[in-house]
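Residues per chain, in single letters:
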Amino acid sequence: MTPLTGVTKITGALYRMRELVLSWDLNDAVEFAKTEEGLRALARLLGDRNPRVRLRSLSVLSRILRDSNSGKARLLELFFGPLVELLESNDERVFVRTLPVLRLLLKGSHISLAQFERLMHPLFSIAARCNGMAWNEAVELLKGISVAVMPHEVGSLARRHLNSNNPRVLAMSAYVIAKEGDPLDSVSEEYLRALKMALKEGDPTTVELAMATVRELLKVPPVYPVDTVLLGIVQCLRTLSKRGSDVAIRHEARVLLGIVVSTLKEHYRKNPWELEKALTHITRSGRKDDAVLMASLLGDPSVLVAVDEAPLFADSVVDIESLGSRGV
């Protein structure tokens, strides 16, 4: 008998795997996927024209990933591309099922810069189009991604989305930019707007992602202009700590509020020149409330003297004497 060629093998394996994934018992499909031919066939079936085949193939792959203790590199090589393509589907059922499978695939794995860049495009698309389960799964996937260095291209993509009016897109943008370690030069006010809109959103998943972003910002010293962003979200965190949608959000906001306030106090105590830069920035940006807050945090109303004749304060009188007694 003439030996089967590689093309014949994969074709035969493809037909067999297709029959198995459409059967009632997926155990045989999982067993067949333990062979190289079966695994490659399963990867091809993720792009099948029949949505039922695609969904059943996702179920098989999910079982394989849950049972796999090794060989993740080969699985990543075979399935990353097909899964990302499924995220670009117009069928919400497909990408809602795909997101947790992709999260299983990436768990404990470091993906390449090119892979991360490719993944972020459909994730931003999902953020723009979907709420509910799809958005929840997208956020869980994003927070679970491990990449050694955040690619600059992804940071640039996130910065381009700072002009959105969609709180989910803004929350994702802010998180990615913070993970990249962007110093926020020239975009700090746009970034603050994005973070405040996300923190004020009623959706718990969006708020939680925004608070995770704040934690990312706090991982490094709040060098200007990051300190001006942290100043700008104090009131949002205070409001969330009192009126957040659930106990967990209120608790996290309360914890973050304390960390942000203490971090800023310590930063300005050690770096008075940073205080001057921040005060000039928020004054020029028309952020009167944040200037007053800064004086209150430091217990030093005199920091406003340098700007009390600026347009920021021209329309009202600041009761400087009372600032020292204000609480956080």
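What comes next is a walk through the structure. A quick note: this is a predicted structure, and the numbers were derived from the prediction, not measured.

With that settled, consider the environment of Leu123. Residue position: Leu123 is located in helix α7 (residues 113-129). Judged by its relative accessible area of 0%, Leu123 falls in the buried class. When the C-alpha atoms of Leu123 and Leu99 are compared, they prove to be 9.6 Å apart, with 24 residues separating the residues in sequence. Residue contacts for Leu123: discarding those within four places in its chain leaves Leu87, Leu99, Ala138, Leu141 and Met172.

Bringing the environment of Ala171 into the picture now. Topologically, Ala171 is positioned in helix α10 (residues 167-180). Along the primary structure Ala171 and Ala198 are separated by 27 residues, whereas in three dimensions their C-alpha atoms are 5.3 Å apart. If we skip the residues at most four places from it in the chain, Ala171 touches Ala198, Thr206, Leu209 and Thr213.

The next subject is the packing of helix α3 (residues 36-45) against helix α5 (residues 72-87). The interhelical angle for the contact between α3 and α5, taken along N-to-C directions, is 20°, at an axis separation of 9 Å. Considering the angle they form, α3 stands roughly parallel to α5. At the point where α3 passes α5, the crossing takes the right-handed sense. Between α3 and α5, the residues in contact are Glu36, Leu39, Arg40, Leu42 and Ala43 and Arg74, Leu75, Leu78, Phe79 and Pro82, respectively. Class assignment of the residues belonging to the contact of α3 with α5 gives a composition of seven nonpolar, no polar and three charged.

Calculation criteria
- Residue numbers run consecutively from 1 along every chain, following the written order of its sequence.
- The predicted origin of the model limits local features to residues at a pLDDT of at least 70 and limits the giving and counting of side-chain atom pairs to 80 or more, whereas totals for whole chains, interfaces and linings rest on all residues.
- In computing side-chain properties, one takes all heavy atoms of the structure into account and sets aside hydrogens as well as water.
- Starting at the N terminus, helices and strands are each numbered in turn, a helix being any DSSP run of H or I of at least four residues and a strand any DSSP run of E of at least two.
- Throughout this description, buried means an accessible area under 20% of the type-specific maximum (1.4 Å probe, protein chains only), exposed means over 50%, and partly exposed covers the range between.
- Residue contacts follow a heavy-atom distance rule, with two residues in contact if any of their heavy atoms lie within 4.5 Å.
- For helices, the axis comes from a line fit to the C-alpha atoms of the stretch in contact; other axes are also lines fit to C-alpha atoms, and the angle between any two N-to-C directions lies between 0 and 180 degrees.
- Put simply, angles under 35 degrees are roughly parallel, angles over 145 are roughly antiparallel, angles from 65 to 115 are roughly perpendicular, and the rest are oblique.
- Each crossing gets its handedness from the near helix: less than a right angle anticlockwise from the far helix is left-handed, clockwise is right-handed.
- Polar here means any residue outside two lists: the nonpolar Ala, Val, Leu, Ile, Met, Phe, Trp, Tyr, Cys and Pro, and the charged Asp, Glu, Lys and Arg; Gly therefore counts as polar.

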